[in-house]
Amino acid sequence: FQLYGYCYQDSNDIPDTLTTITELGSPLEMIQLLQTSWEDRFRICLSLVRLLHYLAHSPLGSVTLLDFRPRQFVIVDGELKVTDLDDASIEESSCTSNSDCFMEFPARNFTLPCSVEGRCQSMNEKRNLYNAYRFFFTYLLPHSAPSSLRPLLDKIVNATGNRNKHGNAKYFLFYPSPSVNSEFTQKCVKSANTKYRRVPEAFIPDENYRCWPSYHHKGCLLSVFDINEAIEICDSYSQCKAFVLTNQTTWTGRQLVFFKMASNHIMPDPDKITYVKVTD
């Protein structure tokens, strides 16, 4: 969370008080998040993994958030940030045997090894990972994800929630690489048989229909990797008779496309390209 300033106050009325000024964020509403596009939800999960990695390797050591729940986070420019650090702890639990390193959750329990130093190994990190799984990953990642990515997403979700793999969860599975656009956003599409007529520098202002999920509440505005994916989407909707490529992209670089139910009224627009389905 971005810190803009702080003030330490020590008086008889309020001893040892620290007031901080931080960036403004929006409260996290899980129901609203589930209604957003998968790309936006993936971005939130990506920012959460960056936070998890930092907490596990902070300058103070491994930090755990004892009250790891959605209400402790806010959304800032599409990314998740923790806003309440009152329950943060750097203390790893002491132990004399593995049975002392028992972690209990509502749906699953874990027993971690007790180190020779008498500390439960990586308990802070494991607690954060599992809480991220049960409060965020399990809801935000698989829901309406691209079909070609689901095997990888299942692997990631299982790595944070499955006891056998919990200790080997890999942060790098989420980190963007130079090929992030193709690895995480390209869908495997088949060549479409339907033909479309290309109309350059043109736009269809009306003829909207609603679809889900959409970036536009009154129309069907989706992101695509390329023209083939746009054709595949239009072919999958019986009401789709045309689509318009815009010059806007999402944060991953995918192009935003309006899907239309007719092409009776086409207007000139130098920033858009319209494709009209050719009927027999």
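Right above here is the structure, for reference.
Residues numbered from 1 in each chain as written. Predicted model: local features only at pLDDT ≥ 70, side-chain atom pairs only at ≥ 80, totals over all residues. Heavy atoms only, no water.

Attention now moves to the packing of helix 2 (residues 38-56) against helix 3 (residues 123-140). As a packed pair, helix 2 and helix 3 sit with axes 11 Å apart at the nearest point and diverge in direction by 175°. When the axis of helix 2 is compared with that of helix 3, the two are roughly antiparallel. The residues of helix 3 that touch helix 2, namely those facing W38, R41, I44, C45, L48, V49, L52, L55 and A56, are E125, N128, L129, A132, F136, F137 and L140. Per-class residue counts for the contact of helix 2 with helix 3 are 13 nonpolar, one polar and two charged. (Axes fitted to C-alpha atoms, helices over the stretch in contact; angles between N-to-C directions. Helix = DSSP H or I, 4+ residues; strand = E, 2+ residues; numbered from the N terminus. Parallel < 35°, antiparallel > 145°, perpendicular 65-115°, else oblique. Contact = heavy atoms within 4.5 Å. Nonpolar A, V, L, I, M, F, W, Y, C, P; charged D, E, K, R; others polar.)

Summed over the entire model, instances satisfying the criterion amount to four disulfides. Linked covalently through their sulfurs, C234 and C240 form a disulfide whose S-S length is 2.1 Å. On the sign convention where negative is left-handed, the bridge of C234 and C240, at about -100° about the S-S bond, is left-handed. Here C234 falls in the buried class, since its relative accessible area comes to 0%. Among the cysteines of the protein that take part in disulfides, numbered as they appear in the sequence, the pairing is 1-3, 2-4, 5-6, 7-8. (Disulfide = S-S within 2.5 Å. Buried < 20%, exposed > 50% of the residue type's maximum accessible area, 1.4 Å probe, protein only.)

Spatially, the five strands line up as an open sheet ordered 10-14-12-13-11, and their pairing is antiparallel. Of all the strands in the sheet, just strand 10 (196-203) and strand 11 (220-224) have a single pairing partner and so form its edges. Neighbour to neighbour, the strand axes of the sheet diverge by 30° on average, direction disregarded. In this structure, strand 12 (residues 242-249) lies alongside strand 13 (residues 255-260), joined through five bridges in antiparallel fashion. If you follow F243 over to strand 13, its bridge partner there is F259. (Pairing = 2+ DSSP bridges.)

So, on to unusual backbone geometry. Notably, S122 is not glycine yet its phi reads approximately 55°, a positive angle. Looking at the secondary structure, you find S122 in the loop between strand 9 (109-111) and helix 3. For S122, a relative accessible area of 30% gives the class partly exposed. Non-glycine residue E201 carries a positive phi angle of around 50°. Among the structural elements, E201 can be located in strand 10. According to the relative accessible area criterion, E201 is exposed, its value standing at 51%.

With that settled, consider the pattern of salt bridges. Applying the stated criterion across every chain, the model contains seven salt bridges. In this structure, the salt-bridge partner of R43 is E79, at a minimum N-O distance of 3.8 Å. Of this pair, R43 sits in helix 2 while E79 sits in strand 6 (residues 79-82); the two residues are 36 residues apart in sequence, bridging distant segments of the chain. A relative accessible area of 24% means that R43 is categorised as partly exposed. Here R71 makes a salt bridge to D67, at a shortest N to O gap of 3.8 Å. Residue classification places R71 among the exposed positions, given a relative accessible area of 59%. Overlapping salt bridges, with partners in common, bring together E39, E229 and R254 in one network. (Salt bridge = Lys/Arg side-chain N within 4 Å of Asp/Glu carboxyl O.)

What follows concerns the nonpolar core. Within the largest apolar cluster, 42 residues are counted, with the highest numbers of intra-cluster contacts made by L48, F68, F73, F136 and F137. Not counting residues within four places of it along the chain, the set of residues in contact with F68 comprises L48, L52, F73, N128, N131, A132, F135 and F136. Ranked by size, the runner-up nonpolar core spans 16 residues in total, among them C220, L222, A230 and I231. (Core = buried A, V, L, I, M, F, W, Y, C linked by side-chain atoms within 4.5 Å.)

Another aspect to go through is the environment of R150. Its place among the elements puts R150 in helix 4 (residues 150-161). With residues near it in sequence (within four places) discarded, R150 still touches S144 and A145.

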